[in-house]
Amino acid sequence: MSVRKVIKYGEESLREPSKEVHKVSQKIKNLVQDLLDTMYKENGVGLAAPQIGENVRVFVIDVSTEKEPLNPRVFINPKIIKKSGACISHEGCLSFPEAFTDVKRYANVMIKALDTNGRSFVLEAKDGSLLARAIQHEFDHLDGILFIDHSINRFEADEVLKKTNLPPVQVEKLLDEPELTEAVNKLKEETIKNDTKD
């Protein structure tokens, strides 16, 4: 269909929760195609509808590598039905050009959504895979949550944002995730222990 403009961090619309899709209409199918066209043009792994100014619960992901054929996945009205484990994810976002920082994520997620034919499906992504992390990242966009809200070190994130001429972390939006924080801290301790053994 067409490549759309990606909304940048700082625009208030990125913070607005998205509305459910009532019917997988032609308009929604066109939106999905626009999301895919824009994601591929920008060399992204995922893109959510709010990032192109559409306030609906739709996102797309493709985690295929250069050596693999394209494998676009479409998620309409997604719900994360299970999450466990923890991992540290070094993430960026098409709405944050050139900005990358470490964030807390669940290692395993199970998601239920509709495809472009309006059929329900369930997908599981495990072991902190790129797919598991991308699902959480894009799902967050639908609730007005951004990857920097999961920052492991907000001061580090602020430095990165400053270097890329983006607004600072919105402290009031940082997520209180005690379980995830604890699990990530354990991960860090184990890494340090293993490093000292070598």
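Residues numbered from 1 in each chain as written. Predicted model: local features only at pLDDT ≥ 70, side-chain atom pairs only at ≥ 80, totals over all residues. Heavy atoms only, no water.

We now examine the overall build of the protein chain. A tally of regular secondary structure across the protein chain gives four helices and seven strands. Summarising its shape, the C-alpha atoms of the protein chain cover approximately 55 × 35 × 35 Å along the three principal directions. Burial statistics for the protein chain: of 198 residues in total, 44% are counted as buried. When contacts within the protein chain are restricted to residue pairs at least 6 apart in sequence, long-range pairs at least 24 apart make up 65% of them. Taken as two groups, the 29 positive and 33 negative side-chain charges of the protein chain have centres that lie 4 Å from each other. (Helix = DSSP H or I, 4+ residues; strand = E, 2+ residues; numbered from the N terminus. Buried < 20%, exposed > 50% of the residue type's maximum accessible area, 1.4 Å probe, protein only. Contact = heavy atoms within 4.5 Å. Lys, Arg positive; Asp, Glu negative; His and termini not counted. Charge placed at Lys NZ, Arg CZ, Asp CG, Glu CD.)

Quick look at the pairing of strand β5 (residues 96–105) now. The side chains of a regular strand alternate, first on one face of the sheet and then on the other. In terms of strand pairing, strand β4 (residues 87–93) meets β5 through six bridges, oriented antiparallel. Looking across to β5, one finds that C87 is bridged to R105. Turn length for the β4-β5 hairpin, with the two strands adjacent in sequence and antiparallel, is two residues. (Pairing = 2+ DSSP bridges.)

A few words on unusual backbone geometry. Of note, the phi angle at N43 is positive, near 55 degrees, even though the residue is not glycine. As for its position among the elements, N43 is in the loop between α1 (26–41) and β1 (46–48). Judged by its relative accessible area of 70%, N43 falls in the exposed class. With phi around 55 degrees, D127 is a residue other than glycine that occupies positive phi space. As for its position among the elements, D127 is in the loop between β7 (120–125) and α2 (130–141).

Let us look at the sheet that holds strand β3 (residues 73–84). Judged by pairing direction, the sheet is antiparallel, and its five strands sit side by side in the order β1-β2-β3-β6-β7 without closing on themselves. Two strands bound the open sheet, and with one partner strand each, they are β1 and β7. Neighbouring strand axes in the sheet, compared pairwise and without regard to direction, differ in orientation by 35 degrees on average. Here six bridges tie β3 to strand β6 (residues 108–114), and the two strands are oriented antiparallel to one another. Among the inter-strand pairings, K79 is bridged to a residue of β6, identified as K112. Of the strands in this sheet, β1, β2 (58–61) and β3 are in contact with α1, which crosses β2 at around 40 degrees. (Axes fitted to C-alpha atoms, helices over the stretch in contact; angles between N-to-C directions.)

In this section: the packing of aromatic side chains. The final tally for this structure, using the stated rule, is four aromatic pairs. On the numbers, 4.9 Å between centres and 85 degrees between planes, the contact of F96 with F147 is edge-to-face. You can see F96 sitting in strand β5 and its partner F147 sitting in the loop between α2 and α3 (154–163), a full 51 residues away along the chain. Take F96: its relative accessible area is 1%, and that puts it in the buried class. Following the ring pairs from residue to residue traces out a cluster consisting of Y9, F96 and F147. (Phe/Tyr/Trp six-rings, centres within 6.5 Å; stacked < 30°, edge-to-face > 60°.)

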